[in-house]
Amino acid sequence: MDAIRIRGGNRLEGEIPISGAKNAALPLMIASLLTKDRLVLENVPRLADVNMLGRILGNHGVDMAIRGKRAGEHSGRGSVMTLHAETIADTTAPYELVSRMRASFWVLGPLLARCGEARVSMPGGCAIGTRPVDLHLMGLEALGAKIDVEAGYVVARAPSGLKGAHIAFPKVSVGATHNVLLAAVLANGETIIENAAREPEVGDLAECLIAMGGRIEGIGSSRLVVQGVASLHGATHAVLPDRIEAGTYAMAAAMTGGSVDLVGARGDQLEALIEVLGRAGVEATVTNTGLSVTRNGGKLRPVSVETSPYPGFATDLQAQLMALMTQADGISKITETIFENRFMHVQELVRLGANIALDGDTATVTGTDRLAGAQVMATDLRASVSLVIAALAAEGETVINRVYHLDRGFENIENKLGRCGADIERISI
Ligand code: UD1
């Protein structure tokens, strides 16, 4: 099994290219189910989750091709993927596949919209608390689907097609917004989604659906208005840059007192993080190539932060911020409001010498001068990268086990950090 070994203490300096966003690439790939034509996606990150979803879509009958390298092209631009769902061969998404990646549950809406039926296993995914699908089902039922749960499968039927509806989500859900949007584009009539997730990845999906002939208004707001169309056609769309990857490397740079340019990062999608970093004494400046992050000497200041849906501070950056705050001069409070139980990294950070106390949904982090390398293990994607950040500042050697979590969401992490001076390597143990 692969592990990552890091010897801490090096300052990060240089450029890090930001990959396409995993959380946008996944729903975009799923959008291919909505048309008989080819959907071409550019800037697709090379990640285990992308490969996994490729297998799931393949099972439904989607042909997938990844274009080879062209002269003069560098690997930082991600792959160009063509997805072609000329016919849907199977409307069942089986447990063996869906249980490995929660986002694959989002095939439910588009399969239902295109085929009038779908049978999708209840999802699995990261071990970060109970993650129900009630909002997904509520939205699809409002569109006229009849839904039953049979032997761990959601069975949805709409033999005479889906009908536009007014859906007001009681809670913001990225996945439910994707699922309903992916169904409503082919429903008959107008759908209004209130309290829709405003995450940039939802906007990216909507832009792609528009390029495919969909009619959607309200992108970036919490009210999406969809006029259903009879069919969608092919399109070419570039996946937006990964704000979570960019935010992670911003915190890695800050952790080492370094200075990095995050090439391709969209500062306008990282405003909450930039504000928090500013309070902590880290300068993040939007440049014409991306985001430049510097912490020149000086202790970090502690901050108090609550996670919230976009444009608030992302839950997907919470673990990384906690690692960073272990080095602050004082006491920070980090409150997780999106997922219960998303504190699996705390125990492991404590193994590296962090001083963190948990009380319900709030972690109190008392800054320490010294973290020391140890063997640690990751339990989910963002937790594992928080251990990488901590290890960059820890004295001695840290070995992070269960790297497959990292490979699900971070492309080439050891190269990206290694090129900026980190002492990091992948080892087999
Ligand atoms: C997505 C992201 C994930 C991110 C999360 C929140 C992808 C692939 N994953 O996950 O990285 O951490 O958004 O920004 O894009 N909920 C319900 N009922 C539902 C659906 C969700 O109660 O039917 C709850 C969840 O338990 C959670 C909250 O709503 O407490 C937000 O979850 P949601 O936004 O749906 O997260 P995901 O789409 O799974």
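Cut-offs used in this document
Residues numbered from 1 in each chain as written. Predicted model: local features only at pLDDT ≥ 70, side-chain atom pairs only at ≥ 80, totals over all residues. Heavy atoms only, no water. Phe/Tyr/Trp six-rings, centres within 6.5 Å; stacked < 30°, edge-to-face > 60°. Lys NZ or Arg CZ within 6 Å of the ring centre and 35° of its normal. Core = buried A, V, L, I, M, F, W, Y, C linked by side-chain atoms within 4.5 Å. Buried < 20%, exposed > 50% of the residue type's maximum accessible area, 1.4 Å probe, protein only. Helix = DSSP H or I, 4+ residues; strand = E, 2+ residues; numbered from the N terminus. Contact = heavy atoms within 4.5 Å. pLDDT = per-residue confidence, 0-100. Near = heavy atom within 4 Å. Polar contact = N/O pair within 3.5 Å; in protein donor to acceptor, adjacent residues only side chain to side chain. Areas by Shrake-Rupley, 256 points an atom, 1.4 Å probe, with all protein chains shown as cover. Domains from an automatic or database assignment. 1 Å grid on protein atoms, 1.4 Å probe; cavity = no way out; pocket = protein on both sides within 12 Å on 5 of 7 lines; lining within 4 Å. Points joined across faces, edges and corners; volume = space filled by probe spheres on them. Nonpolar A, V, L, I, M, F, W, Y, C, P; charged D, E, K, R; others polar. Pairing = 2+ DSSP bridges.

What follows covers the packing of aromatic side chains. Under the criterion given, the structure shown has zero aromatic pairs. Positioned over the ring face of Tyr 153 is Arg 119, at 4.2 Å from the centre of the ring.

Turning to the nonpolar core, a few remarks are in order. In terms of nonpolar packing, the biggest core is built from 78 residues, with Leu 57, Leu 108, Leu 143, Leu 162, Leu 181 and Leu 209 touching the most fellow members. Looking at which element gives the most residues to this core, the answer is helix 1 (residues 22-31), with seven residues. If sequence neighbours within four positions are ignored, Leu 143 has contacts with Leu 162, Lys 163, Gly 164, Ala 165, Ile 167, Val 180, Ala 183, Ala 184 and Thr 191. Listed in part, the 74 residues of the second largest apolar core include Ala 284, Ala 314, Leu 321 and Leu 417.

Moving on, we come to the confidence of the model for the chain. Looking at the chain, pLDDT values average 94 and 97% of them are 70 or higher. Note that pLDDT drops below 50 for residues 125-129; the model gives that stretch 15 contacts with residues more than four away or on any other chain.

So, about the site of the ligand. Among the 20 residues in the neighbourhood of the ligand, the closest are listed as Asp 134, Leu 135, Ser 173, Asp 316 and Ile 338. Separating an oxygen atom of the ligand from a side-chain N or O atom of Asn 23 is a distance of 3.0 Å. Take Ser 173: an N or O atom from its side chain is 2.6 Å from an oxygen atom of the ligand. For the ligand, the protein covers 90% of the area, taking 740 Å² as the surface of the free molecule. Those elements giving two or more residues to the shell around the ligand turn out to be helix 5 (134-142) and helix 6 (174-184). A per-element tally of the shell around the ligand places helix 5 first, with three residues. Each of two domains, domain 1 (2-15 + 241-428) and domain 2 (26-238), supplies a minimum of three residues to the shell around the ligand.

What follows concerns empty space enclosed by the protein. Under the defined criterion, the tally for this structure stands at two cavities of 30 Å³ or more. One number sums up the size of the largest cavity: a volume of about 50 Å³. Considering the residues around the largest cavity, the lining is formed by Ala 197, Arg 198, Glu 199, Val 202, Gly 203, Ala 206, Ile 219, Gly 220, Ser 221 and Leu 224. Among the elements that make up the lining of the largest cavity, the one with the highest residue count is helix 7 (residues 200-211) (three residues). Roughly 30 Å³ of internal volume is contained in the second largest cavity. Surrounding the second largest cavity, Ala 21, Lys 22, Asn 23, Glu 201, Asp 242, Ile 244 and Arg 382 form its lining. Split into classes, the residues belonging to the lining of the second largest cavity amount to two nonpolar, one polar and four charged.

Our focus in this paragraph is the layout of surface pockets. Of the volumes computed, that of the second largest pocket is approximately 200 Å³. Taken together, Arg 198, Glu 199, Pro 200, Gly 203, Asp 204, Glu 207, Ile 219, Gly 220, Leu 240, Arg 266, Gln 269 and Tyr 310 form the lining of the second largest pocket. Considered class by class, the residues forming the lining of the second largest pocket number four nonpolar, three polar and five charged. Here the lining of the second largest pocket spans two domains, since at least three of its residues come from each of domain 1 (2-15 + 241-428) and domain 2 (26-238).

Often the size quoted for an interface is simply the accessible area lost on bringing the parts together. In terms of domains, the chain is made up of domain 1 (2-15 + 241-428) and domain 2 (26-238). Each of domain 1 and domain 2 was reduced to a C-alpha centroid, and the two centroids are 30 Å apart.

Our next topic: the pairing of strand 8 (residues 146-150). Pairing geometry for strand 8 and strand 9 (residues 153-157), over five bridges, is antiparallel. By the bridge assignment for strand 9, Lys 146 is matched with Arg 157. Between strand 8 and strand 9, which pair antiparallel in sequence order, lie two residues; one of them, Ala 151, sits at a positive phi of approximately 50°.

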